[in-house]
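What follows is the residue order along each chain.
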Amino acid sequence: MYFLAEGIHKQQLKVVAIDENLDLIHQNNVQFDIELPEFRTQGGVHIHADRLTVTSPVLMWVKALDMTLDKMKATGFDFSCVRALSGSGQQHGSVYWKKGACQALRHLDPEKTLHQLLQGQFAVQDSPIWMDSSTSAQCSHLEESVGCAQTLADITGSRAYERFTGNQIAKIHQSKPDVYTETERISLVSSFGASIFLGDYAAVDFSDGSGMNLMDIFSKQWSPPCLQATAPGLEAKLGAPVPSTAVLGDVSSYFVKRYGFPKDCKVVAFTGDNPGSLAGMRLQEGDLAVSLGTSDTVFLWIKEPKPTVEGHIFCNPVDCQAYMALICFKNGSLTRERIRDACAGGTWDAFSRSLRSTPMGNQGNLGIYFDAMEITPPAVGTYRLNKEDQAVEAFTQEEEIRALVEGQFLAKRVHAEKLGYKILPGTRVLATGGASSNVDILQVLSDVFNAPVYTIDVANSACLGCAYRALHGLVSEAGEAFQEAVRNAPEPQLAVNPTPGAEEVYESLLRRYAALEERILGETTP
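- In the annotation of an unreviewed UniProt entry, the protein chain is listed under the name Xylulose kinase and assigned to Clupea harengus.
- According to its UniProt record, the protein chain has this under Function (unreviewed entry): "Phosphorylates D-xylulose to produce D-xylulose 5-phosphate, a molecule that may play an important role in the regulation of glucose metabolism and lipogenesis."
- In the Sequence similarities (unreviewed entry) part of its UniProt record, the protein chain is described as follows: "Belongs to the FGGY kinase family."

In structure tokens form, the structure reads like this:
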């Protein structure tokens, strides 16, 4: 018994399969630039002349699915064992099906490739994706239409963002009204993938639907004022959203006849890549995951969300009564590397020694290091305060290193708690990304959050999470929790526990850090 997941990512289409023991038994992929050169993408995308508009060819994704399934067939993969499938798609991207495309999906000829069959079924050939930043005017209009940025966040979980789907739809309606009129259905990249496997238009799931600036995340329905501000007749083109755990139906007969899928193989709602990663990391209530990369990203499991104009709140992909939050911090590893080079002779060993040689709390010295314009919060510059909250020009090299690392993690906790995150007795911090291999950095993370830090392999997290979701979809209607369904999955590895006394040290520093950020914003906001 197998469970399959497809992932449509920026640079590749990937498929993974697990067995009933949750062991990974197969993975395959198609790299867009290398294996589909006829689409002339760079990094899987087309960057337009204005440098703001970024799209991907929808037929490239279709052809990549053909190729991936053919590769699997050539290796002898037994599709007849697939009990259920799901998938993920890069968040916020949108696909525009032409009038009549639903009939084409329902009558796919198994003697032909999907690429042949779906030619001419899309009103927009190049799909807007998450890298697009060409919709500033539409974002302003949406926020003004509902009142302000905070009001929009209160409804949809986020203020207006250029990459979010609703603003992309508004741009297409305004700039290409004929194309919008010709569009029968608008899918997210995730529900587009589900539609192909289902042989019918697949519903948008609650979790990925939360990244559109269109869905009320509390009622889990499309928001009338947001729809009205975006484009006419939009609700009919979107269809009703469904729970992320929903079984949408049986797989299309096309896949039964062409590849040997069983007739009763279930298609579970597809979701976005970020929600898929939350499932892949198997976060639980009270947990958070911190990805320490070029940008640092924090994933949170939240019960009682408090939307703000920073960060995003989405419906939880594995528990319809819960939420997840996503916060991005632009100044991540590049800033850590700059301080390493300036204060530790360019070596991580010396950087770590400095962290070990300085006390928790850095003797009251506090720093904020925004080399580039930060996202959370929107500010730039370097700020240092001594224990009397007086601005200072410099710290010692050891103090500078600890001030940087503590400041980065204090920021993550401050902004997580603003969104409604609460540290619970069983809270775990899951660390991923390049810096998660440095145990001394992880020790600071553990101390600031006063929680144990675990490391986890997330090489296939979004895809693997959706394979887990495919399995869970079969049992969720009977009330089985996601954690119970995936209890046999590999456990994360404990890296460090918090140092005794950490909570007392960082309680006052958290308040001071939040106040310093507020002061910086007050000084930089016109």
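Here the narrative resumes, following the displayed structure.
**A word on the sheet that holds strand β8 (residues 126-128)**
Working definition: the strands of a sheet are paired by backbone hydrogen bonds and lie parallel or antiparallel to each other.
Phase 1 of the analysis: Reading across the sheet, the three strands line up as β4-β5-β8 and stay open at both edges, with antiparallel pairing between neighbours. The outermost strands of the open sheet, each flanked by one partner alone, are β4 (46-47) and β8.
Phase 2 of the analysis: When strand β5 (residues 54-57) meets β8, the two strands line up antiparallel, connected through three bridges. From the neighbouring strand, Ser56 faces β8, where its bridge partner is Ser127.
Phase 3 of the analysis: Contacts from helix α2 (residues 58-74) reach β5 and β8, with the element oriented near 40° to β5.

**Remarks on the environment of Met373**
Phase 1 of the analysis: One can find Met373 in the loop between β19 (366-370) and β20 (381-385).
Phase 2 of the analysis: When the C-alpha positions of Met373 and Phe329 are compared, they lie 9.9 Å apart, and in sequence the two are 44 residues distant.
Phase 3 of the analysis: Non-local contacts of Met373, meaning those with residues more than four positions away in its chain, are made with Lys330, Asn331, Pro378, Ala379 and Val380.

**A few points about the nonpolar core**
Phase 1 of the analysis: One finds Ile169, Leu214, Leu238, Leu300, Phe351 and Leu445 to be the most contacted residues of the largest nonpolar core, which totals 84 residues.
Phase 2 of the analysis: The dominant element in this core, judged by the number of residues it contributes, is helix α17 (residues 397-418), at nine residues.
Phase 3 of the analysis: Counting residues in hydrophobic clusters, the runner-up holds 52 residues, among them Met60, Leu114, Phe192 and Val256.

**Let's talk about the packing of aromatic side chains**
Geometrically, a pair of aromatic rings is defined through the distance of the ring centres and the angle of the planes.
Phase 1 of the analysis: Under the definition given, this model contains 18 aromatic pairs.
Phase 2 of the analysis: Measuring from centroid to centroid gives 5.7 Å for Trp97 and Tyr201, while their planes differ by 55°, and the two rings are tilted. In this pair, Trp97 is assigned in strand β7 (residues 94-98) and Tyr201 in the loop between α9 (189-198) and α10 (206-209), connecting sequence segments 104 residues apart. The pair Trp97 / Tyr201 is uniform in exposure class, with both members buried.

Definitions and cut-offs
- Residues numbered from 1 in each chain as written.
- Predicted model: local features only at pLDDT ≥ 70, side-chain atom pairs only at ≥ 80, totals over all residues.
- Heavy atoms only, no water.
- UniProt positions renumbered as here; feature names shortened; annotations may be inferred.
- Pairing = 2+ DSSP bridges.
- Helix = DSSP H or I, 4+ residues; strand = E, 2+ residues; numbered from the N terminus.
- Contact = heavy atoms within 4.5 Å.
- Axes fitted to C-alpha atoms, helices over the stretch in contact; angles between N-to-C directions.
- Core = buried A, V, L, I, M, F, W, Y, C linked by side-chain atoms within 4.5 Å.
- Buried < 20%, exposed > 50% of the residue type's maximum accessible area, 1.4 Å probe, protein only.
- Phe/Tyr/Trp six-rings, centres within 6.5 Å; stacked < 30°, edge-to-face > 60°.

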